[in-house]
Amino acid sequence: MSYRYGNSNYNAIDSVDFTASHGRRTVILGENGCGKSTLIYQLNGVYKPVSGTVFYGDMPISYDKEFLTELRSDVSVVLQNPDDQIFSSTVEEDVAFGPLNLGLSREEVGERIGRSLECVGMSGFAEVPVQRLSYGQKKRVSLAGALASHPKILVLDEPTAGLDPQMSREVMEIANSLIREGISVVVSTHDVNLIYNWVEDLYVMRNGHMVFSGDADEFFSDRPSVYLSGLEQPSIFSINHNMETLRGTIPASYPKTMSQMVSRLFPSGSSAGRIFIYQTEGERIDQDAIEEAVGKKGMPIAVYGPSARRSVTRSKLRVDFYFNGIECCIREAMVNHDSLIIVDRGLKGIVTEAVEELRAYGTRISIRELVF
Amino acid sequence: MSAPLFRTEGLFFRYEGGRGDALADVNITIKEGARTVIMGANGAGKSTFFYHLNGVLRPSKGSVFFRGEKIPHRGKALRKLRSEVAVMLQDPNDQLFAPKVSDDIAFGPKNLGLDAQTVGERVRDALYITGIESLEGRSVMQLSFGQKKRVVLAGALAMHPKVLIMDEPTAGLDPQMSKELIELADELHHLGTTVIFSTHDVDLSYSWADEVHVLRGGRNVYSGSSERFYDDTSEVYLSGLVEPAMYDINVSISELAGCPVEPFPKTLPQLMAKAVPSEGPGTVHILPVEGPVDRELFSSLTSGSGMSATGVYGTNARKSAEASKLPIDYFFGADEGCIIEALHGKDTLICCDRSLTDLLISKIGSMSRFGTEVPYSLH
Amino acid sequence: MSEQVQMDVLAYGSRMVRWAPLGKLLYTFSLLILALLSENIFVPMITFCVGMCLMAYSTNFRLPPIIGLAILEAILIMVIGCGMVSILGNPSEPAVFLKGKGEFLWIGIHITENSFNNAWLIMFRAIAGVTLMLSFASSTPIPHIAYALRQLRIPKEVIDIVVLVYRYAFLLLERTEVMWNAAKCRLGFSGARRSMSTTAGILVNVFITSLEIAERSQPALESRNYNGSFPIYRMPNKIGLYWFAITAAACASLYIIGYYISTPNMAAILLGAV
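Engineer: An account of the overall build of chain A is requested, with residue identities and associated values reported.
Structural biologist: Helix and strand counts for chain A come out as 15 helices and 14 strands. Taken against the 2.2 N^0.38 rule, which gives 21 Å for 372 residues, the C-alpha radius of gyration of chain A at 22 Å falls within 12% of a compact globule. Structurally, chain A occupies a C-alpha span of about 65 × 55 × 35 Å along its principal axes. A fraction of 71% describes how many contacts in chain A between residues 6 or more apart in sequence connect residues 24 or more apart.

Engineer: I'd like a rundown of the overall build of chain B, residues and numbers included.
Structural biologist: When its secondary structure is counted, chain B shows 15 helices and 15 strands. For chain B, the C-alpha radius of gyration of 22 Å lies close to 21 Å, the compact-globule estimate for 379 residues. Along the first, second and third principal axes, the C-alpha atoms of chain B reach 70 × 60 × 35 Å. The burial tally for chain B puts 54% of its 379 residues in the buried class. Residue pairs in contact within chain B that sit at least 24 positions apart in sequence constitute 70% of those at least 6 positions apart.

Engineer: For the pairing of strand E1 (residues 4-13) of chain B, give the residues involved together with the corresponding values.
Structural biologist: Residue and element names in this part refer to chain B. As paired elements, E1 and strand E3 (residues 29-31) share 3 bridges and run antiparallel to each other. Its bridge partner being in E3, Pro4 is matched across the sheet by Lys31. Where E1 and strand E5 (residues 61-66) come together, 5 bridges link them in antiparallel fashion. Considered in E5, the bridge of Arg7 is made with Phe65. The pairing of E1 with strand E2 (residues 23-26) spans 2 bridges and is classified as antiparallel. When the sheet's bridge partners are listed, Leu11 is paired in E2 with Val26.

Engineer: A description of the domain arrangement of chain A should follow, citing residues and the corresponding values.
Structural biologist: Interface size, as often reported, equals the accessible area lost upon joining of the parts. All names here are of chain A. Looking at the assigned domains, one finds that chain A contains domain 1 (3-228) and domain 2 (263-370). The centre of domain 1, based on its C-alpha atoms, is set 30 Å off from the matching centre of domain 2. Counting from both sides, the interface comprises 9 residues of domain 1 and, opposite them, 9 residues of domain 2. Broken down by element, the side of domain 1 that touches domain 2 gets its largest block of residues, 7 residues, from helix H6 (residues 165-180). In terms of residue class, the side of domain 1 that touches domain 2 is made up of 2 nonpolar, 4 polar and 3 charged.

Engineer: Account for the interface of chain C and chain A, naming residues and giving values.
Structural biologist: On the chain A side, the residues contacting the 24 residues of chain C number 26 residues. Among the secondary structure elements, those contributing two or more residues to the side of chain C that touches chain A are helix H1 (3-12), helix H7 (156-185) and helix H8 (192-223) of chain C. Taken together, the residues of the side of chain C that touches chain A sort by class into 14 nonpolar, 4 polar and 6 charged.

Engineer: Describe in detail the interface of chain B and chain A, supporting the description with residues and values.
Structural biologist: Every contact between the two is made by 34 residues of chain B and, on the other side, 33 residues of chain A. Those elements that provide at least two residues to the side of chain B that touches chain A are helix H5 (145-157), helix H6 (175-190), helix H10 (245-257), helix H11 (268-275) and helix H14 (334-343) of chain B. Element by element, the count of residues in the side of chain B that touches chain A is highest for H10 of chain B, at 8 residues. The residue makeup of the side of chain B that touches chain A, split by class, is 20 nonpolar, 11 polar and 3 charged.

Engineer: Got a sec to walk through the pairing of strand E10 (residues 209-214) of chain A? Specific residues and values, please.
Structural biologist: Residue and element names in this part refer to chain A. By the bridge criterion, 5 bridges tie strand E9 (residues 201-206) to E10 in an arrangement that is antiparallel. Across the sheet, residue Val204 finds its bridge partner in E10, namely Phe212. A loop of 2 residues connects E9 with E10, the two strands running antiparallel in sequence, and Asn207 in this loop sits at a positive phi of about 50°.

Engineer: Which residues make up the confidence of the model for chain B, and what values do they have?
Structural biologist: Residues and elements named next belong to chain B. Looking at chain B, the pLDDT average stands at 90 and 99% of residues meet or exceed 70. No element of chain B has a lower mean pLDDT than helix H12 (residues 295-302), which averages 81, and none a higher one than strand E4 (residues 36-39), which averages 96. Predicted as a complex, the structure gets a pTM of 0.86 and an ipTM equal to 0.87.

Engineer: Provide a residue-level description of the sheet that holds E9 of chain A, including the pertinent values.
Structural biologist: All names here are of chain A. Within the open sheet, the 6 strands sit side by side as E6-E7-E8-E3-E9-E10. Their pairing is mixed. The sheet is open, and its two edges are formed by strand E6 (75-78) and E10, each paired on a single side. Taken pair by pair, the neighbouring strands of this sheet meet at an average axis angle of 15°, ignoring direction. Across 5 bridges, strand E3 (residues 25-29) lies against strand E8 (residues 184-189) in parallel orientation. Of the residues in E8, the one forming a bridge with Ile28 is Ser188. Seen against the sheet, helix H5 (residues 135-147) touches E6 and strand E7 (153-157) and runs at an angle of roughly 170° to E6.

Engineer: Break down the domain arrangement of chain B for me, citing the residues and quoting the values.
Structural biologist: Under the domain assignment used here, chain B contains domain 1 (1-74 + 170-241), domain 2 (91-167), domain 3 (245-275) and domain 4 (284-378). Centre-to-centre, using C-alpha coordinates, domain 2 of chain B lies 41 Å away from domain 3 of chain B.

Engineer: A description of unusual backbone geometry should follow, citing residues and the corresponding values.
Structural biologist: Residue and element names in this part refer to chain B. In this model, Glu262 is joined to Pro263 through a cis peptide bond whose omega is -5°. Even without a glycine there, the phi angle at Arg67 is positive, about 55°. Take Arg67: it is sitting in the loop between E5 and strand E6 (69-70). For Arg67, a count of 15 C-beta atoms within 10 Å puts it in the partly exposed group. Of note, the phi angle at Lys325 is positive, near 55°, even though the residue is not glycine. With 8 C-beta atoms counted inside 10 Å, the residue Lys325 sits in the exposed group.

Engineer: Provide a residue-level description of the environment of Gly62 of chain B, including the pertinent values.
Structural biologist: Residue and element names in this part refer to chain B. Along the chain, Gly62 turns up in strand E5. By C-beta crowding, Gly62 is classed as partly exposed, having 17 other C-beta atoms within 10 Å. Along the backbone, Gly62 and Ala24 are 38 residues apart, and their C-alpha atoms lie at a distance of 9.8 Å.

Engineer: Any details on the nonpolar core? Residues and values, ideally.
Structural biologist: Counting 271 residues, the largest nonpolar core has Ala144, Val155 and Ile341 of chain A together with Ile105, Ile165, Ile350 and Cys352 of chain B as the members making the most contacts within it. No other element matches helix H5 (residues 113-137) of chain C, which puts 13 residues into this core. If we ignore the near neighbours within four places in the chain, the residues touching Ala144 of chain A are Val95, Ser116, Leu117, Cys119, Val120 and Met122 of chain A.

Engineer: Give a description of the sheet that holds strand E13 (residues 339-344) of chain A that names residues and reports values.
Structural biologist: Residues and elements named next belong to chain A. Sheet architecture is open: 4 strands sit in the order E12-E13-E11-E14, paired in parallel fashion. Every interior strand has two partners, whereas the edge strands, strand E12 (301-304) and strand E14 (363-370), have only one. Each strand axis lies, on average, 30° off the axis of its neighbour in the sheet, ignoring direction. Relative to E14, strand E11 (residues 269-280) runs parallel, the two being bridged by 7 bridges. Its bridge partner being in E14, Arg274 is matched across the sheet by Ser366. Sitting on the sheet, helix H15 (residues 348-359) is in contact with E11, E13 and E14, with an inclination near 160° to E14.

Engineer: Could you give me a rundown of helix H15 (residues 357-365) of chain B, with the residues and numbers involved?
Structural biologist: All names here are of chain B. Those residues of H15 lying buried are Leu360, Lys363 and Ile364. Buried residues in H15, looked at end-on, bunch into an arc of 100°, giving them a common side. Seen from the open side of H15, the exposed residues pointing more than 90 degrees away from its buried face are Asp358 and Ser362. Against strand E12 (284-289), strand E13 (309-313), H14, strand E14 (348-353) and strand E15 (376-378) lie the buried residues of H15.

Engineer: Mind laying out the packing of helix H3 (residues 101-111) of chain B against H5 of chain B, listing which residues take part and the relevant values?
Structural biologist: Residues and elements named next belong to chain B. For the pair H3 and H5, the least separation of the axes is 7 Å and the interaxial angle reads 35°. Our pair here, H3 against H5, has a crossing hand that is right-handed. Contacts from Val101, Asp104, Ile105, Phe107 and Gly108 in H3 reach Val151, Ala154 and Gly155 in H5. When grouped by side-chain class, the residues that make up the contact of H3 with H5 number 5 nonpolar, 2 polar and 1 charged.

Parameters and conventions
Residues numbered from 1 in each chain as written. Chains lettered and ligands numbered in written order. Predicted model: local features only at pLDDT ≥ 70, side-chain atom pairs only at ≥ 80, totals over all residues. Helix = DSSP H or I, 4+ residues; strand = E, 2+ residues; numbered from the N terminus. Rg over C-alpha atoms; globule rule 2.2 N^0.38 Å. Contact = placed C-beta atoms within 7 Å. Buried ≥ 20, exposed ≤ 12 C-beta atoms within 10 Å, placed from the backbone. Pairing = 2+ DSSP bridges. Domains from an automatic or database assignment. Nonpolar A, V, L, I, M, F, W, Y, C, P; charged D, E, K, R; others polar. pLDDT = per-residue confidence, 0-100. Axes fitted to C-alpha atoms, helices over the stretch in contact; angles between N-to-C directions. Core = buried A, V, L, I, M, F, W, Y, C linked by C-beta atoms within 7 Å. Arc of directions from axis to C-beta. Left-handed = near helix turned anticlockwise from the far one by under 90°.

Laid out in structure tokens, this is it:
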């Protein structure tokens, strides 16, 4: 289900070609006021282009009520400011808003509310009045509201604006778990560091025009263009670029994470540290059983994924790396320490991928999966 | 630099009808001339704390001192305090009360009871420093978020404060605007206005702050230098923060390369110098500017074999360069950018405000702590 | 936080929040009307007690200080008002207390049996009304009230406006408070004239903010398939027959009390008058 789109729209955006492809991680990058929000509203038919067409799949969008209703349940938009899109008085009422408008049965709606709230970590807040929530909680509620319509494409406008660092990471973790479930995610932002390791298809806008589409490293290598777009190079990119230039080597292949970059500078070969993976679906975890299986006590423990967090809370486990779990485990391994990561059943692939990608930068880490 | 500017003693505060203390037993000393950052997650009490520094909120228990005297809560003394301590809130929309930009900037000075001519002068100066002269007659409602933030800053500066407190100054700003704002904060601080801000952007505070105070759930859990705070990973996590990239990389690299963690690089050039000692760094040429830039000198320096890049540092230099339409590569971030180029062995030229030359020189000089001496030349 | 917010938070935490809003409305209103119509002081007295009990139950005996303060204020006003009524008796009737003994400011005090009893009647009616209405308000969040109104066939557009205004009133109130503080930071309230112009500036800002919110909410609503009315997921309970039964029983007993038990003569009891 891809989106194709070439259009112009009053003064806001002009001659924009944009494609969001199925199952991909797409990013619209640009400074404030460059037209990102206008583009987003074209994607769900709220704004109509003055010229050009928006295609959903193979069909051009038609602006009649039936088509739009279906389109908007397939394409959910989460706005930057949660107060702009939370209209109801309690959390569950707001999450129910979308599904009820689609005419679903009360039972179905109830189920969806439960699952959406669980996904964003707000179960138990169902009957809380909205004005009692903090900003971060409201953001999660608006995300739950968008998920409740079971979208195929989720568009997030500045998803981490105003969030503190830990919440930001949690939001991106949720985005990653959605991708694993087959939902395409489009993020619009000006935070280059947030998306550098995440993006697959990058689109850059400036003053209403699309000035770049393609690979992130290609864009960030062009410093003047980055500068003109009101952005900056991601810190890892910049560090890598400068360091490699100083050492007289070429910056490519571009490390995207801290561990990749450090590994490139100081490749450890085969590291003695191992990463143990424990997959969970949210059930209680027996710490003794794990330690026995591993043969070691007191290993640092990391957690990644919403179900994993639930397990950990339930089991009252002592967690060392609550955020950025995968990176932390890799780092431990690089200094020859073992570590354990508790991860959602569906997200094990993210861990193995990360370790695999590290090989290209000169470090090999062995993974052991714990099976009971 | 060590005279206490603000001091709180056993500060407790609870909002009416609030559950729990918004601030509990806070004992913080903010020193004059120290670049201070208050850090903490959302809801930790940073804004509440700031409101105590200019008398908007009254402690439920405990006291707050400004320059050794207890903060007043009414009358002339309070008005004087507020003219000396300017607070800028996070959302500019909450702080704009007049239809036109110049009217809003004049709000503060007018409330100080100054005569029309002084008010006009202050407005003009404020517009100049913040770089928004072109917005003078515009309606406030039409401005973008970043422009509104600058109008609010201008409004605060028009009161000629001795202390400028900013709550999340870079929230919502795109990367370049953020850099511009922080560079301006640097300039103001160096020229005598103590700048204090709050943020949860750990990278920003790590590179800028001399001293940090960390708030968690209304309590002050740490006061001191940045690097010591990040040593305690569980404290960082509990406070809702993460380690800055620079800190992380330094620790990882030091561990792998087997070299000591200190000194802690706070900026990219410092990190580069520490990790990869440069052989034959280039020279940073500094051209002090006071008034219009000497075009001839500029051209003579940049022509020929010379400079791989040019930059400007400081409001006056920037304005002059713009007015003279000089070719400049680094309008912002010249300090970092040109030093990096120097590490790559290239020569660069920075047109710098005369009053900021010593600041620039000290930034260049700091590189020697990290293993590379970067030469500079003052013209 | 304003009283409005407090009341709302209170309502959601109330024990009575699940009771049918229309039922509560029917019950409290009926009692209120009876209390206002009856000439027998016992009726409003009992109704007042019922109101107090309901309020105590609803808030679980814990009244937030601000609400308590509001009630006390109301009672104070009523005491003053009723005091005035009692001392302004009909000069043609004999005074039963403080005969000819003085004046309150420029008003001659003339307390008659009738005026005294009247004052008490009014007093009880007033506080009965306050407690009944408060027990309803403190146990029924506004969306439930909106739902009840819908069942009364009030046009849904009106109700939707009520819900939206309610939702955004909080937001705007919060913003106003922040703006107030920001103005203080720039000495906006030093002096009467400046305070007025600053307040005007704040009001304009709030107004414009509300316009901006309205503008931004339009595409947001469309994105979520808004089809003209706000659906309710968790319906408050529908009114059952037992509400009618209870109300009828309560009204009937009050009526009987009012009819058969003679009204107490407060003047006789309290002032020893004959």
